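Notes for the structure review
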Amino acid sequence: TQELMESGGGSVQSGGSLRLSCAASVDIYVMAWFRQAPGKEREGVAAIEGDGSTEYAKSVKGRFTISRDNAENTLYLQMNSLKPEDTATYYCAADPSETIFSFQLLEKAKYRYWGQGTQVTVSS
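A brief structural summary. (Residues numbered from 1 in each chain as written. Predicted model: local features only at pLDDT ≥ 70, side-chain atom pairs only at ≥ 80, totals over all residues. Heavy atoms only, no water.)

1. A look at the state of the cysteines
Considering all chains together, one arrives at 1 disulfide under this definition. A sulfur-sulfur separation of 2.0 Å characterises the disulfide bridge that pairs Cys-22 with Cys-92. On the S-S bond that ties Cys-22 to Cys-92, the torsion sits near -75°, and the link is left-handed. Placement of Cys-22 in strand 3 (residues 18-24) and of Cys-92 in strand 9 (residues 88-95) is noted, with a sequence separation of 70 residues between them. Cys-22 gets classed as buried once you look at its relative accessible area, which sits at 0%. (Disulfide = S-S within 2.5 Å. Helix = DSSP H or I, 4+ residues; strand = E, 2+ residues; numbered from the N terminus. Buried < 20%, exposed > 50% of the residue type's maximum accessible area, 1.4 Å probe, protein only.)

Okay, here's the thing in structure tokens:
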């Protein structure tokens, strides 16, 4: 059984929008989105704690919005003003820990659970 299931990826032109979703089947406190482009390291995009506190990578701040529905145990990523450099496989991540410091929220080593990824392609 997959603990995290992403959906919502696809192809869009530069300047367009996409919304990603991630449904969790385990108890978690912090959730995040990471992405990995071919030949590059997986990088943190945005994270949200159980109390609603958020962190964003500088490259997406002001364009992407992370949110969660705690009742449905679902994570979202609204991506606006998409650029070709946003093209990557996007992964949902989650962890039950309530002791991750805010400056660590975009570190992939802090997360126990991972989704299988969903592809986002932005054409110019």
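Let's pick the thread back up.
2. Observations concerning unusual backbone geometry
Phi at Asn-73 takes a positive value of approximately 55°, unusual for a residue other than glycine. You can see Asn-73 is positioned in the loop between strand 7 (64-69) and strand 8 (74-79). Here Ser-81, not a glycine, exhibits a phi torsion of approximately 50°, which is positive. Assignment of secondary structure puts Ser-81 in the loop between strand 8 and strand 9.

3. Things to note about the environment of Tyr-90
Positionally, Tyr-90 belongs in strand 9. Separated by 33 residues in sequence, Tyr-90 and Ala-57 place their C-alpha atoms 14 Å apart. Only 2.9 Å separates the side chain of Tyr-90 from the side chain of Arg-35, close enough to count as a polar contact. (Polar contact = N/O pair within 3.5 Å; in protein donor to acceptor, adjacent residues only side chain to side chain.)

4. A look at the environment of Ser-67
Along the chain, the position of Ser-67 falls in strand 7. It is 9.4 Å that separates the C-alpha atoms of Ser-67 and Met-31, two residues lying 36 residues apart in sequence. Once residues within four sequence positions are removed from consideration, Ser-67 is found in contact with Ile-48, Thr-74, Leu-75 and Tyr-76. (Contact = heavy atoms within 4.5 Å.)

5. Observations regarding the nonpolar core
If you look at the biggest cluster of nonpolar residues, it comprises 29 residues, and the most contacted ones within it are Met-31, Trp-33, Leu-77, Met-79 and Tyr-90. Listed by contribution, the elements that provide at least two residues to this core are strand 3, strand 4 (30-36), strand 5 (43-48), strand 7, strand 8, strand 9 and strand 11 (118-123). In this view, Met-79 contacts Gly-16, Ser-17, Leu-18, Leu-20, Arg-63, Phe-64, Tyr-90 and Val-120; residues no more than four positions away in its chain are not counted. Core analysis: the next-biggest nonpolar cluster, separate from the first, contains 9 residues, Val-30, Phe-34, Ala-47 and Leu-105 among them. (Core = buried A, V, L, I, M, F, W, Y, C linked by side-chain atoms within 4.5 Å.)

6. Examining the sheet that holds strand 7
With antiparallel pairing, the 4 strands of this open sheet are ordered in space as 1-3-8-7. Looking at strand neighbours, the two that pair on one side only are strand 1 (4-7) and strand 7, the edges of this open sheet. Taken over all neighbouring pairs, the strand axes of this sheet differ in orientation by 15° on average, direction set aside. Looking at chain direction, strand 7 and strand 8 are connected through 6 bridges and run antiparallel. If you follow Thr-65 over to strand 8, its bridge partner there is Gln-78. (Pairing = 2+ DSSP bridges. Axes fitted to C-alpha atoms, helices over the stretch in contact; angles between N-to-C directions.)

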